[in-house]
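In case you want the letters, here they are:
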Amino acid sequence: MIINLMTQNKVNFKRIYGTSSTIANNVRFDSRFIAKHDVFVCIQGDNHDGHAFIEDSIAQGASVIVGTDEELLKSYYRQYEDCTFLVVEDARLAMAQMAVLLSDEAWKKLVTVAVTGTNGKTTVAAYVRSLLNQLQLRTTSIGTCGIITSKEKINFFKSTPTTPESADLHVLFKQLASEGEKAVVMEATSIALDQKRTASMTFDVAIHTNLSPEHLEFHGTMENYKRAKMKLFEQAATAIVNIDDEGMAQDILDTYQGKLLTYSLKRNSGADLIASNIHTDALGIQFELYTNGSSYTIHAPIYGEYNVANLLAAIGTAMQLGFDLEEIEDVLATIESPEGRFEVIEQYGGRKIILDYAHTPAALDQLLTAVNAIPHRRLIVMILGVGIRDFGKMPKMAETIEGRADEIVVSVDHPGHHDPKIIIDAVCKGFTDRVHNVSTAKTRAEAVCLALDLSEEGDIVLLTGGQINGAQFVRGKAIPHSDHAIIRSYFEEKHAEKVQPTIS
C-alpha cells in the first residue's frame, strides 16, 4: 500500500530522510524475511542489533528502514536515496505503529480480549474462545497452544512461543478479519507487554488472573514483573480482575479507571462474580455462581478449583461484551479446555494420565490439590526445570511436590543452551534428605516413559510442564515433541511385547 508518513501522523518519529510518501507492504524485524517494498525495523535483540542488517535488508528490497541510530541512518541515506529512513526514539513502539498502519488498523474490526497473569492465561483464553464461539461470536485464540480459529487450528508462523511480535500480530489480525472471525482472545505475557508487542491498540477486555514469581531472568525484580503486567490495563476499555490474588489485584483496583468486574472463590469477598459450594465428580465440577443478588447452579467439564476461577474470568468477559448470564449458563456444560491443561487420558491400562502445563510452584501446588481429590491408588508425578526460565524457582518445584506423590520423576523442559544435568540438579536441591522416591531423566521424552514405567492400573500419572508450539527448545533449535505421541507409542510397544509369540 502507499503510505504518507507525514500526513498519516500514526508513527512517532524524530526525523525522516528520504520521501515521506512510499510503497510499503509488510513490517519485518528479521532481514532474512524481507521482500520488495517491506519495512525493516532495527530491533535490539539479545544477541544482535538490527542496525547491523540494514544493508542486507536494502539488498533484498526494503523500501523503509526504521531505527534509532540517526547518524547511521543518515549515512545510509546518502548511499540509498531511493529508500526512506525513519529515525525513532523507540524502535519497538515504531514497529507496532507501522504494523497497525500497514494492516489498515485491522484490530479495530475485531472484538479484542487479552489475558495476563503468571498462571492460567492459556486456560482462560481457551475458555473465552469456547464460550464466545458457543454464543455465536466467531472467536480465535492466540497463545501457547498456537492459533485456533472458530473452526480449526491454523499454521501461522509465530515469532515467539506465546504472544507474537507486533509485526506478525497485525498481519494475523488482518487475515482473521478477512476470513470472517469476529473476535480474538490472546495471551499477553509480561515480556510481550514490556516489549510493546501489543502497543498502539486498545483491548475491549483485559483479564488479570494472578501474580507469583516468574520470568525474573528477564525482569530482574517482582516489581518490574508486576509493572510490565500492569501496562495491559492502560490500554483496555474494560477489565476482569481476580480479587483473590494478593500479587497485583489491588494495584489494578486502585488505578484502573474503566468498567471493571471482579471474581472470587471466597463467599464473603464482595466480588461481582463468586463461585461457592464447589463439588467434583467424575464428569467435572458443579458450583453455585452468585452475581447481582442471584444464584445459578453451574455444571462444567473441568477439574480443580483454580479452573473454576479461570471459568469465572471467561464468564465475566462474556458479560463485559454484553451477553446475558442466562445465555452464558446454557452453554457452560460444554465448555472446552485447552490441550495439555488438566487434560485427562484414560484409555491406557486402567490408569489416568493427566497432562497439565503447571510450570511454577504456585501452579503445581494448585494442581496437586486438584489431582489428589480424584480417587486413585498411587500418584506418579513428573516435574521439570525449565532451562529457558528463572533457575531460582527450580528448587521450589521440588519443595512443592515433596510428600505429595508416591513417585517423583525430575527432568527438563526446554534446556536451551544448558546441560540438562545442571537443571535437574537445580530442581533436586529443593528436596530434603528424607526424600527417597525421586528418579531423574535427561529429556522430557525419557521422563514421560519413566513415569509410565512406574505406574500400574489404578494409578494417576501426572505429567507437568509441557511443549511450547509442539517442540522442545534445545541449543537454539525447536525439536519436535509430543507427549501424546510418546504415550501412544509407549503403550503400542507394550502391547506388541505381550502378543509376541514364544519361540521354543
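About the cut-offs
- Residues numbered from 1 in each chain as written.
- Predicted model: local features only at pLDDT ≥ 70, side-chain atom pairs only at ≥ 80, totals over all residues.
- Heavy atoms only, no water.
- Helix = DSSP H or I, 4+ residues; strand = E, 2+ residues; numbered from the N terminus.
- Rg over C-alpha atoms; globule rule 2.2 N^0.38 Å.
- Buried < 20%, exposed > 50% of the residue type's maximum accessible area, 1.4 Å probe, protein only.
- Contact = heavy atoms within 4.5 Å.
- Areas by Shrake-Rupley, 256 points an atom, 1.4 Å probe, with all protein chains shown as cover.
- Lys, Arg positive; Asp, Glu negative; His and termini not counted.
- Charge placed at Lys NZ, Arg CZ, Asp CG, Glu CD.
- Patch = residues over 30% accessible without salt bridge, like charges linked within 9 Å, V, L, I, M, F, W, Y side chains within 5 Å.
- Salt bridge = Lys/Arg side-chain N within 4 Å of Asp/Glu carboxyl O.
- Expected span 1.5 Å × (residues − 1).
- Polar contact = N/O pair within 3.5 Å; in protein donor to acceptor, adjacent residues only side chain to side chain.
- Pairing = 2+ DSSP bridges.
- Right-handed = clockwise from strand over helix to strand, strands pointing away.
- Core = buried A, V, L, I, M, F, W, Y, C linked by side-chain atoms within 4.5 Å.
- Phe/Tyr/Trp six-rings, centres within 6.5 Å; stacked < 30°, edge-to-face > 60°.

## Things to note about the overall build of the protein
For step 1, the next point in the chain: Each helix and strand counted, the protein has 17 helices and 26 strands in total.
For step 2, the next point in the chain: In summary, the protein has a C-alpha radius of gyration of 25 Å against a globular reference of 23 Å for 504 residues, a match within 12%.
For step 3, the next point in the chain: Taken over the C-alpha atoms alone, the protein extends approximately 80 × 65 × 45 Å along its principal axes.
For step 4, the next point in the chain: Relative to its 504 residues, the protein shows a buried fraction of 55%.
For step 5, the next point in the chain: A separation of at least 24 residues holds for 64% of the contacts in the protein among residues at least 6 apart in sequence.
For step 6, the next point in the chain: Carbon and sulfur atoms make up 48% of the accessible area of the protein, which totals about 22000 Å².
For step 7, the next point in the chain: Mean positive and mean negative side-chain charge positions of the protein (47 and 65 charges, respectively) differ by 3 Å.

## Quick look at a negative patch on the surface
For step 1, the next point in the chain: Residues Asp 324, Glu 326, Glu 327 and Asp 330 make up a contiguous surface patch of negative charge.
For step 2, the next point in the chain: Inspection of the secondary structure assignment puts Asp 324 in the loop between α11 (305-320) and α12 (325-331).

## Notes on helix α4 (residues 91-102)
For step 1, the next point in the chain: Compared with an ideal rise of 1.5 Å per residue, which puts 12 residues at 16 Å, α4 spans 16 Å between its outermost C-alpha atoms and is within 8% of the ideal.
For step 2, the next point in the chain: Among the residues of α4, those classed as buried are Ala 91, Arg 92, Ala 94, Met 95, Ala 96, Gln 97, Met 98, Ala 99, Val 100, Leu 101 and Leu 102.
For step 3, the next point in the chain: Here α4 starts with a cap whose side-chain oxygen sits 3.1 Å from the backbone nitrogen of Arg 92, and that cap is Asp 90.
For step 4, the next point in the chain: Backbone geometry just downstream of α4 places Asp 104 in the positive-phi region, at approximately 60°.

## Notes on the pairing of strand β22 (residues 407-413)
For step 1, the next point in the chain: Extensive coverage of β22 is indicated by the burial of seven of its seven residues.
For step 2, the next point in the chain: Neither face of β22 is exposed, since Glu 407, Val 409, Ser 411 and Asp 413 on one face and Ile 408, Val 410 and Val 412 on the opposite face are all buried.
For step 3, the next point in the chain: Pairing analysis gives seven bridges linking strand β21 (residues 379-386) to β22, with the strands arranged parallel. Bridged to Gly 385 within β22 is Val 412.
For step 4, the next point in the chain: Regarding the hand of the β-α-β motif, the stretch spanning β21, helix α14 (residues 394-401) and β22 is right-handed.
For step 5, the next point in the chain: Where β22 meets strand β23 (residues 438-440), three bridges bridge the pair, whose relative direction is parallel.

## Structural notes on the sheet that holds strand β4 (residues 27-28)
For step 1, the next point in the chain: Read from one edge of the open sheet, five strands run β2-β7-β6-β5-β4, paired in mixed fashion. Taken across any chain shown, the strands that pair with only one partner, and hence form the sheet edges, are β2 (15-17) and β4.
For step 2, the next point in the chain: Pairing of β4 with strand β5 (residues 39-41) involves two bridges; the strand directions are parallel. Following the sheet pairing, Arg 28 is matched in β5 by Phe 40.

## So, the pairing of strand β18 (residues 294-300)
For step 1, the next point in the chain: Alignment of strand β17 (residues 284-291) against β18, held across seven bridges, turns out to be antiparallel. The residue of β18 that forms the bridge with Gln 286 is His 299.
For step 2, the next point in the chain: What sits between the antiparallel neighbours β17 and β18 is a turn of two residues, in which Asn 292 has the positive phi angle 50°.

## Digging into the nonpolar core
For step 1, the next point in the chain: If you look at the biggest cluster of nonpolar residues, it comprises 41 residues, and the most contacted ones within it are Leu 131, Ile 207, Phe 287, Leu 289, Leu 311, Ile 315 and Ile 328.
For step 2, the next point in the chain: Broken down by element, this core gets its largest block of residues, nine residues, from α11.
For step 3, the next point in the chain: With 32 residues, the next largest nonpolar core counts Ala 106, Ile 147, Ile 154 and Phe 156 among its residues.

## Considering the packing of aromatic side chains
For step 1, the next point in the chain: This model, assessed by the stated rule, comprises seven aromatic pairs.
For step 2, the next point in the chain: Their ring planes at 70° and their centres at 6.3 Å tell us that Tyr 77 and Phe 85 sit as a pair that is edge-to-face.
For step 3, the next point in the chain: Centre to centre, the rings of Phe 233 and Tyr 256 are 6.4 Å apart; their planes meet at 85°, and the pair counts as edge-to-face. A residue pair is termed long-range when its members are at least 10 positions apart, and Phe 233 in the loop between α9 (222-230) and β14 (236-242) and Tyr 256 in the loop between α10 (249-255) and β15 (259-264) qualify at 23 residues. In this pair, the class of Phe 233 matches that of Tyr 256, namely buried.

## Considering the side chain of Asp 356
For step 1, the next point in the chain: Within the element layout of this structure, Asp 356 appears in strand β20 (residues 352-356).
For step 2, the next point in the chain: Put simply, Asp 356 is tucked away with no salt bridge, and the nearest opposite charge, on Arg 341, sits 6.3 Å away.
For step 3, the next point in the chain: Polar contacts involving the side chain of Asp 356 include one to the main-chain amide nitrogen of Phe 342, which spans 2.7 Å.
For step 4, the next point in the chain: A polar contact is formed between the side chain of Asp 356 and the backbone nitrogen of Ala 358, at a distance of 3.0 Å.
For step 5, the next point in the chain: Not counting residues within four places of it along the chain, the set of residues in contact with Asp 356 comprises Tyr 306, Gly 340, Arg 341, Phe 342, Leu 367, Leu 463, Thr 464 and Gly 465.

## Observations concerning the pattern of salt bridges
For step 1, the next point in the chain: Counted according to the given criterion, the structure contains 23 salt bridges.
For step 2, the next point in the chain: One salt bridge connects Glu 346 with Lys 352, and the closest N-O pair in it is separated by 3.1 Å.
For step 3, the next point in the chain: On the accessibility criterion, Glu 346 (48% relative accessible area) is partly exposed.
For step 4, the next point in the chain: On the accessibility criterion, Lys 352 (26% relative accessible area) is partly exposed.
For step 5, the next point in the chain: Taken together, the shared-partner salt bridges in this structure form one network comprising Arg 377, Arg 378, Glu 407, Glu 456 and Asp 459.

## With respect to unusual backbone geometry
For step 1, the next point in the chain: Backbone geometry places Asp 104, a non-glycine residue, at a positive phi of 60°.
For step 2, the next point in the chain: One can find Asp 104 in the loop between α4 and β8 (111-116).
For step 3, the next point in the chain: Residue class for Asp 104 comes out partly exposed when judged on its relative accessible area of 49%.

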